[in-house]
Structures are given as C-alpha cells and as structure tokens.
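Each chain, letter by letter, is given below.
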Amino acid sequence: MRNIYKLLLPACLLMFMASCEGLFSSVYDEADSSTQTSDSQLYIDASSKTAWYYISFDSLEMLRQQGDAAKLQYAQTHFTPYPVPMTATGDTIKSPNKPDTCATGIYTYWYDIFGKGLSVNKFSSFIPTASQPEPKEWDIAIHYVNARTNGGSVLETSYTSMDDLPASSADFSGLTFTPDEWQENVVWADWDQVLSKYMGCQGIKINKVLSSWIDVELVTPPPVFTLNNHVFIVRLKNGKYAAVQLQNYMSSNGTKGCLTINYKYPY
C-alpha cells in the first residue's frame, strides 16, 4: 500500500498544479485578455502567482471624471505585473534555524497535503531577496488570491450587494478595521518543489481580512476554492474609503486567479 501511495503522489500533485492553472500556462488554458467590465468593476489576471498587481482608486476616479470610457475600461482590465523578487541576495538559511521576524525573502515551507491540509505546515529554508517593487501610488495590491493594502486597513461587512450598502462610509467609521500583518507561508511564489509538497512563499505583509474573499483548501487534489461574496470596506491611509467585493475568481474559460472585483470609490 505504501508503494502505491508513493506512485500516486506525483500524479495527484500534478493534478493540483493543473487545477491551479498558470504553472504551465502553455499547456493548460490561458486567461482571457479581452474581458469587459462595467464602469465599477475591475478584472485582474493574477493567475501566474509570480507577481503583484496594484490598484490606485484615485487614478481610476480621475479617468472616470475625464469621461473617457475607453481609457477607463483599459485601466480597469490591464494591470502591470510587478514580479516577486526571487534572486538570492545572500546565503540560504535552513531549518531548524530561521531568520529574524519580517526578513525579506522566500520562505520554503512543507505542507501536509494528503494529511490535515495546508493549515499544517513547517518551515524548511529561507533565501534573502530584494524587497517587493511597487509603483509610487497605489491603494491595494493583488497576488493570485492574496491582497494587501498600502498602509490601509479593512473591514468585512455582512452585505452581499454593493447596492445595499449605507449611503455613507461614516456608518462604518467607529468599527474595527484590520491592518496588514506579516505572513511568510501564505503568498506562494516558487512552485519548483511542489511535487515534494514544498512551496516557496514570499515574506510580506498582507491583509488577512481582505484575503479572506477566497479560501483555498487542499487535503486531496484538486484544491477547493470558496468565494466569499461579502462587501469589504477599505480605509485608505489618506482617510478615504473604498468598498470592494469579489464577484468571481475565474476567467470565462475557467482559469483560477482571474479576479472580477466590484468597487465603489469614493465611498
């Protein structure tokens, strides 16, 4: 039985990679590049898992006020990838040693696939890298199913429709908003050892509340994606508010990591 398990493991993990799309984008289906959005929607193809994509609500609002629908549509569907730094800038640190908290780099973790799932994992190694590049102005950033803010904080509401939101964000001003928190085993960036159940993760701050708009669980392949369609309120570092809601995490051809996001700004 143990030998059969060893034979089946690589095949099952290949199923996992195929179901996540983007690892072998030339073999599996490609994401759409011509998706149309409404004037209050974004479409981000973040299926590669190797880059962050940045959103500036002020830039979008400026285009809306200019009244150029074509430029706004382009800005809502075309986002520049900012690759996750992968080149080592120093020596590798291996378990049981571990770098100081918030050290910039790639943390490789082993995950208990075929056991208790992704929630059970342990540190294996670390390589230092350069910091994550980013544009001069941005409000939220997306990596596959992860999200972070630029010094902001997030509140999950009970609303499942943007139309049902209170007229003003002032209704939420007294509630608890959650800032970004450091994570080192969540942002999967290096999949070279996935057949051995190891994945390299970028050490970076993310917003766990906003990232909860998609839950990914893997006990047996393929992974299970669960969409949380609640509206989230983002309090930007300048004190303004934006409302965002994930409408879909797949393209029309089924590629995961292609996010359709409803938004309201300013709110």
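In what follows, the structure referred to is the one given above.
To keep things clear, this report deals only with the structure shown in the data block. These numbers were taken from a predicted model, which means no experiment stands behind them.

So, about the sheet that holds strand β2 (residues 51–55). Pairing in this open sheet of four strands is antiparallel, and the strands run β3-β2-β7-β8 from one edge to the other. Of all the strands in the sheet, the pair left with one neighbour each is β3 (81–83) and β8 (146–149). The sheet shows a mean angle of 30° between the axes of neighbouring strands, taken without regard to direction.

In this section: the environment of E184. By the secondary structure assignment, E184 is in strand β11 (residues 181–190). The exposure class assigned to E184 is buried, which follows from its relative accessible area of 13%. As for E184 and Q202, which are separated by 18 residues in sequence, their C-alpha atoms are 6.0 Å apart. Sequence-distant contacts of E184, defined by excluding residues within four places in its chain, comprise K98, Y107, Y109, C201, Q202 and G203. A distance of 3.4 Å separates polar atoms of two side chains, one belonging to E184 and the other to W182.

If you walk across this open sheet you meet the six strands as β1-β17-β16-β15-β9-β10, and the pairing is antiparallel. Bordering the open sheet on either side are β1 (41–45) and β10 (178–179), each of which pairs with just one other strand. In this sheet, strand β15 (residues 232–235) lies alongside strand β9 (residues 153–156) in antiparallel orientation, the contact comprising four bridges. Among the inter-strand pairings, E156 is bridged to a residue of β15, identified as F232.

We now examine helix α3 (residues 69–77). Along α3, the positions that sit buried rather than exposed are L72, Q73, A75, Q76 and T77. Buried positions along α3 lie against β1, α2 (57–66) and β17 (256–264).

The next thing to look at is the nonpolar core. Ranked by internal contacts, the top residues of the largest apolar core, which has 49 residues, are I55, F57, W213, I214 and V244. For this core, the leading source of residues is strand β16 (residues 241–250), giving four residues. If sequence neighbours within four positions are ignored, I214 has contacts with V145, F225, T226, L246, Y249 and L259.

Mapped onto the fold, T149 is located in strand β8. Separated by 2.9 Å, the side chain of T149 and the backbone nitrogen of G152 make a polar contact. Non-local contacts of T149, meaning those with residues more than four positions away in its chain, are made with W138, D139, I140, V154, D180, N207 and V234.

Right, let's talk about the packing of aromatic side chains for a bit. Evaluated as defined, the whole model comprises 14 aromatic pairs. Ring geometry for Y54 and Y82: centres 5.0 Å apart, planes at 85°, overall edge-to-face. Here Y82 lies in strand β3 and Y54 lies in strand β2, a separation of 28 residues in the sequence. Centroid distance Y107 to F126: 4.6 Å. Interplanar angle 55°. Geometry classified as tilted. Of this pair, Y107 sits in strand β5 (residues 105–112) while F126 is found in strand β6 (residues 117–128), placing the two residues 19 residues apart along the sequence. The same class applies to Y107 as to F126, namely buried.

The rules behind these values
- Residues numbered from 1 in each chain as written.
- Predicted model: local features only at pLDDT ≥ 70, side-chain atom pairs only at ≥ 80, totals over all residues.
- Heavy atoms only, no water.
- Pairing = 2+ DSSP bridges.
- Helix = DSSP H or I, 4+ residues; strand = E, 2+ residues; numbered from the N terminus.
- Axes fitted to C-alpha atoms, helices over the stretch in contact; angles between N-to-C directions.
- Buried < 20%, exposed > 50% of the residue type's maximum accessible area, 1.4 Å probe, protein only.
- Contact = heavy atoms within 4.5 Å.
- Polar contact = N/O pair within 3.5 Å; in protein donor to acceptor, adjacent residues only side chain to side chain.
- Core = buried A, V, L, I, M, F, W, Y, C linked by side-chain atoms within 4.5 Å.
- Phe/Tyr/Trp six-rings, centres within 6.5 Å; stacked < 30°, edge-to-face > 60°.

The analysis is restricted to geometry; functional conclusions fall outside its scope.
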